[in-house]
Amino acid sequence: MRASYCENTTDREFCRLIEHELYHIGVERDEDGEPIYSDHTGLPKHYLAGHDVEVFFGETKRWGADESVKRLLEIAKNAPFVSETNIAACCGNCVIG
Ligand SMILES: [Zn+2]
């Protein structure tokens, strides 16, 4: 994250950016879905998680929406959990939980 961006952005954009970056923190899991712990630290191992949807507009235009794009379309139909008022009052994650 660039400090200059954070300094000059709206509260909404800043909160969205923070949440975006937190989603990039993935926990490594075994084939049963259990977290993998480091032998060194005893803490869960992490990796840089990719985005839920990574596709080109032209790809979707030519070949149609894949499952991740279809899911995104369903999610986008609903109003966001967090309004401008919520952001001004507190962290949006409190509202979601
Ligand atoms: Zn990202």
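Structure first, text after, so check above.
Residues numbered from 1 in each chain as written. Predicted model: local features only at pLDDT ≥ 70, side-chain atom pairs only at ≥ 80, totals over all residues. Heavy atoms only, no water.

(A) Broad picture of the overall build of the protein chain. For the protein chain, the helix and strand inventory stands at 6 helices and 2 strands. Secondary structure elements in the protein chain, listed N-terminal to C-terminal, are α-α-β-β-α-α-α-α. Taking all 97 residues of the protein chain together, the buried fraction comes to 10%. Carbon and sulfur atoms form 56% of the exposed surface of the protein chain, whose accessible area is close to 8,500 Å². (Helix = DSSP H or I, 4+ residues; strand = E, 2+ residues; numbered from the N terminus. Buried < 20%, exposed > 50% of the residue type's maximum accessible area, 1.4 Å probe, protein only. Areas by Shrake-Rupley, 256 points an atom, 1.4 Å probe, with all protein chains shown as cover.)

(B) View of the coordination of the zinc ion. At the metal site, the zinc ion is ligated by H20 (NE2), H24 (NE2) and H51 (NE2), and these contacts range over 2.0 to 2.1 Å. In primary-sequence terms, the residues that donate to the zinc ion follow H-x3-H-x26-H. The class for H24 is buried, based on a relative accessible area of 15%. (Donors = N, O, S within 2.8 Å, 3.2 Å for Na, K, Ca; no water.)

(C) Focus on the environment of T10. Among the structural elements, T10 can be located in the loop between α1 (3-7) and α2 (11-23). Exposure remark for T10: the relative accessible area of 42% places this residue in the partly exposed category. A polar atom in the side chain of T10 sits 3.0 Å from the backbone nitrogen of E13. (Polar contact = N/O pair within 3.5 Å; in protein donor to acceptor, adjacent residues only side chain to side chain.)

(D) Region of interest: the pattern of salt bridges. Counted under the stated rule, the structure contains 2 salt bridges. Across the salt bridge formed by K70 and E67, the nearest N and O atoms sit 3.5 Å from each other. A residue pair is termed a helical-turn pair when its members lie 3 or 4 positions apart in one helix, as K70 and E67 do in helix α4 (residues 67-77) at 3 residues. You can call K70 partly exposed: its relative accessible area is 41%. (Salt bridge = Lys/Arg side-chain N within 4 Å of Asp/Glu carboxyl O.)

(E) Local environment of the environment of T41. Here T41 shows up in the loop between β1 (25-27) and β2 (46-48). Engagement of the side chain of T41 in a polar contact is seen with the backbone nitrogen of L43, the distance being 3.1 Å.

(F) Up close: the side chain of T9. Among the structural elements, T9 can be located in the loop between α1 and α2. There is a polar contact of 2.6 Å between the side chain of T9 and the side chain of E13.

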